[in-house]
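Geometric and topological summary
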Amino acid sequence: MEQGSSSEEDCFGLLNQFHHVLQSDPLIDEVGFIHPSQFTLLDKEDGLSNQNKPLPYNGTSRNFWNQDHKLGISTDILIQLCKDAKHVFLAALEEYKSHGNACNESQIMNIESEVMKHSQAVLLLSSDFGTAWNARKLILSKTDQLSAFTEELRLSGLILSNSPKSEPTWSHRRWIIKMISRRFSTPQEIITKESKLVESIGERSKMNYRAWYHRCWLVSYMAIGQVLHELNKSKRWAALHVTDSSCFHYRRRLMLRILESVNVKGSNAYDKTEAHKIWMEELDWNKELVERYVGREALWLHRRFLSLNWIMYFACNHSSETGLSIITNEEVAIFIDNEIHLLESSMIVPDTKFEDFQAQALYAAVYMLWLPKNIPELWRMLEEKLGTEKLKCVLSTIAQERPLFLQHLVNV
Amino acid sequence: MSSTSSNQMGQLVADKHVRYILMAEKKKESFESVVMDHLRMNGAYWGLTTLDLLDKLGTVSEDEVVSWIMTCQHESGGFAGNVGHDPHILYTLSAVQILALFDKINILDVGKVSSYVAGLQNKDGSFSGDMWGEIDTRFSYIAICCLSILKTLDKINVEKAVDYIVSCKNLDGGFGCTPGAESHAGQIFCCVGALALTGSLHRVDKDLLGWWLCERQGKSGGLNGRPEKLPDVCYSWWVLSSLIMIDRVHWIDKEKLVKFILDCQDLDNGGISDRPDDAVDIFHTYFGVAGLSLLEYPGVKAIDPAYALPVDVVNRIIFTK
């Protein structure tokens, strides 16, 4: 086992100080690594708002900063603290694994609480340290107290405040939720809280795949009512973060879940006319966003999904019922007319200095050709409606940006 | 690529990258190296494969590496990211790949490693990463790649494994980590790689997926991994290898991508970063060199897009008994 350069006493000194801070404020909800120069700044800021409050440390300790349940750890001590925490944790884990069977109950509980204490310290400093998460899982799986699991959710939330992309931390959260739902029940309020957590983390950590994946994962635990509620609730956030493709994917996940519910019977069934309405609303709303925020790839990709599904699911089902093909389907014809209008207005580039307009033209042109790639019968309708000149214009827009890809499209 | 344009864009400073990798192993005093300690096995795979692609694997002590790897193996057959840590399928593949680089697969108890990997397959065909059960298509790829190297694919239900991967396909042609999860170039590599290794590429909509993948190339020539994200050298591997496996690599501008990767080099101290002028690391150094290998850059050995190992190593695996 590697040892830091400090003496044993120093090592425990720093780590004990850390444990002391954590124990003295069990409600810490945010942690971060800060440069020592920021300590003075934080003290000043804090002094303005809390003039009567004494500082928790007498000024000689510049290792930790803790006010209003926010914890700052000095970057000067990180390496040493992390090495020490790992060393002590791995030693405790080894003891737990080798002596666990030979001890009496109170001894086991002692070792367990050591492992929990030191794994917490390690994870606050190094969130991807999988073995420390595993040790916690091992001990938690023996408990039947709900409070232990909710406390674990709190800890992993705290760690995410500093490491929002940490995959093992998100994965551990899912493990806790699975345990709760297996042993107790799937509490809807946990799902709601999780959803909120992802949104607030998504606010600070943009396009965070792991966070949004977690929210998508929650969908399978949701009843149809909650799915609708989530769809409604995430709309405002999405409109304020139009480049965040992950949020739009979350909406796609919810919308596909609604489609699934159209095909079932029972308490989770959903009316097709209502689903159709949701789809039309999303298409209209997406059009508004596309026109307001020019050149945003995430919005155009969302439109691909919406249009393809609308034609395939809502319009084509009508077609099969009436025995008509897509091409003679009046609803589809009107839909394509509207899309061509959108294409035309999007392809006007008023100012070539701004890349956004060129991007808008490219995304619109590619979007228009992407639909018939998925529904080949649309080719003829599109050719007729666009005419040779406009089609040339669409192709040359793509040729400017993606000449090699266009060669393939033309060959098709 | 014409010789004049490659002169203009600068060269691969291969010797400096070799030195950077050899030095990185010795430097252990940064916070980054302390928090990366638990995945040393992955780091070793990235560094050693890069060295092999640059034909410099001989500069490291094979015995030292191999004996360290073996101390990371658990009773279960799985490998940990470092000594004293828990086993995980992520590190098991890296361990097997490194042993393959050194032509040392024979020192493994193949049956034991294979049982560990096969034991992680679930009823629906998916794979967990370890005994704690998180499921991800990354683990499907890892299992299939690992067992392909060990030639023990018959230990798992390949048909179900393939069906599960296909169930993670999205309407945009891409793949996510579980059914319904967002498409991501890294996950796409895993899914396409696993399908390639099991002879199931016909289950991919190549034109549609190729469409999504080639849209990852931005004006700088670099590739991103998802819409609206900045380009990053690591996607030179994930996107490019996928495009090659589905035979659509001619849809992107390869010359511009070569230039982007070369621009991410630290010309003084070696190493490659995610984007020009950022700090270098071993992960991006590997993906940069591997990307150049796929782009047939002179002086870099060819890499196999599915196994993520040099082609000569893969040939040795396939043609030995």
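What counts and how
Residues numbered from 1 in each chain as written. Chains lettered and ligands numbered in written order. Predicted model: local features only at pLDDT ≥ 70, side-chain atom pairs only at ≥ 80, totals over all residues. Heavy atoms only, no water. UniProt positions renumbered as here; feature names shortened; annotations may be inferred. Pairing = 2+ DSSP bridges. Helix = DSSP H or I, 4+ residues; strand = E, 2+ residues; numbered from the N terminus. Axes fitted to C-alpha atoms, helices over the stretch in contact; angles between N-to-C directions. Salt bridge = Lys/Arg side-chain N within 4 Å of Asp/Glu carboxyl O. Buried < 20%, exposed > 50% of the residue type's maximum accessible area, 1.4 Å probe, protein only. Contact = heavy atoms within 4.5 Å. Buried area = accessible area lost by both parts, 1.4 Å probe. Nonpolar A, V, L, I, M, F, W, Y, C, P; charged D, E, K, R; others polar. Phe/Tyr/Trp six-rings, centres within 6.5 Å; stacked < 30°, edge-to-face > 60°. Parallel < 35°, antiparallel > 145°, perpendicular 65-115°, else oblique. Left-handed = near helix turned anticlockwise from the far one by under 90°. Expected span 1.5 Å × (residues − 1).

Chain B is annotated in an unreviewed UniProt entry as Geranylgeranyl transferase type-2 subunit beta of Cardamine amara subsp. amara. In UniProt, chain B has this text filed under Catalytic activity (unreviewed entry): "geranylgeranyl diphosphate + L-cysteinyl-[protein] = S-geranylgeranyl-L-cysteinyl-[protein] + diphosphate". UniProt's Sequence similarities (unreviewed entry) comment on chain B is quoted here verbatim: "Belongs to the protein prenyltransferase subunit beta family."

Looking at chain A in UniProt, the text filed under Sequence similarities (unreviewed entry) is "Belongs to the protein prenyltransferase subunit alpha family."

On to the sheet that holds strand 1 (residues 30–34) of chain A. Residue and element names in this part refer to chain A. Sheet architecture is open: three strands sit in the order 1-3-2, paired in mixed fashion. The open sheet has two edge strands, strand 1 and strand 2 (64–67), and neither has a second partner. On average, adjacent strands in this sheet sit at an angle of 15° to one another, irrespective of strand direction. As judged from the five bridges shared by strand 1 and strand 3 (residues 70–74), these two strands associate in the parallel manner. Of the residues in strand 3, the one forming a bridge with E30 is K70.

This paragraph deals with the pattern of salt bridges. Taken as a whole, this structure holds 36 salt bridges over all chains when the rule is applied. The closest approach of N and O atoms between A:E151 and A:R154, which form a salt bridge, is 3.2 Å. Residue A:E151 and its partner A:R154 are located together in helix 6 (residues 146–162), separated by three residues, close to a single helical turn. For A:E151, a relative accessible area of 38% gives the class partly exposed. Between B:R216 and A:E297 there is a salt bridge, with its nearest N and O atoms 3.4 Å apart. With B:R216 in the loop between helix 11 (206–214) and helix 12 (234–245) and A:E297 in helix 13 (residues 297–322), the pair connects residues from two separate chains. Each member of the pair, B:R216 together with A:E297, is buried.

Counting residues at the interface gives 45 residues for chain B and 52 residues for chain A. A combined buried area of about 4,400 Å² lies between chain B and chain A, and 55% of that area is made up of carbon and sulfur atoms. For the pair chain B and chain A, the number of links is eight salt bridges. Elements supplying a minimum of two residues to the side of chain B that touches chain A: helix 3 (31–35) and helix 11 of chain B. No other element matches helix 11 of chain B, which puts four residues into the side of chain B that touches chain A. Class assignment of the residues belonging to the side of chain B that touches chain A gives a composition of 13 nonpolar, 14 polar and 18 charged.

We now examine the packing of aromatic side chains. How two aromatic rings sit relative to each other is set out by the distance from centre to centre and by the angle between their planes. Across all of its chains, the model carries 24 aromatic pairs over all chains by this definition. Between A:W175 and B:W132, the aromatic rings sit 5.9 Å apart at their centres with planes inclined by 90°, giving edge-to-face as the arrangement. On the criterion of chain membership, the pair formed by A:W175 in helix 7 (residues 167–183) and B:W132 in the loop between helix 7 (110–118) and helix 8 (137–150) is interchain, its members lying in two chains. Residue B:W132 is classed as buried on the basis of its relative accessible area of 15%.

Further remarks concern unusual backbone geometry. Phi is mostly negative for residues that are not glycine, and the peptide bonds are mostly trans. Residues and elements named next belong to chain B. Here D103, not a glycine, exhibits a phi torsion of approximately 55°, which is positive. Inspection of the secondary structure assignment puts D103 in the loop between helix 6 (89–101) and helix 7. Owing to a relative accessible area of 47%, D103 belongs among the partly exposed residues under this scheme. Backbone geometry places D277, a non-glycine residue, at a positive phi of 75°. Within the secondary structure, D277 is located in the loop between strand 1 (272–273) and strand 2 (280–281).

Before going further, it helps to examine the packing of helix 15 (residues 355–374) of chain A against helix 16 (residues 378–401) of chain A. Residue and element names in this part refer to chain A. It is at 9 Å that the axes of helix 15 and helix 16 come closest, and there the two elements cross at 140°. The angle between helix 15 and helix 16 places the two elements in the oblique class. When you trace helix 15 past helix 16, the crossing you get is left-handed. Listed contacts from helix 16 to A361, L362, A365, V366, M368, L369, L371 and P372 of helix 15 are L378, W379, L382, V394, L395, T397, I398 and E401.

A few words now on helix 6 of chain B. Helical geometry note: an α-helix holds 3.6 residues per turn, so side chains three or four residues apart project in the same direction. All names here are of chain B. Between the first and last C-alpha of helix 6 there are 18 Å, a value that for 13 residues agrees with the 18 Å anticipated at 1.5 Å per step. Counting buried residues along helix 6, twelve of its 13 residues qualify, which places the element largely inside the surrounding structure. Here helix 6 has its buried residues at I89, Y91, T92, L93, S94, A95, V96, Q97, I98, L99, A100 and L101. On its buried side, helix 6 packs onto helix 4 (40–53), helix 5 (62–71), helix 7, helix 8, strand 4 (309–310) and helix 15 (311–319). A positive phi of about 55° marks D103, the residue just after helix 6.

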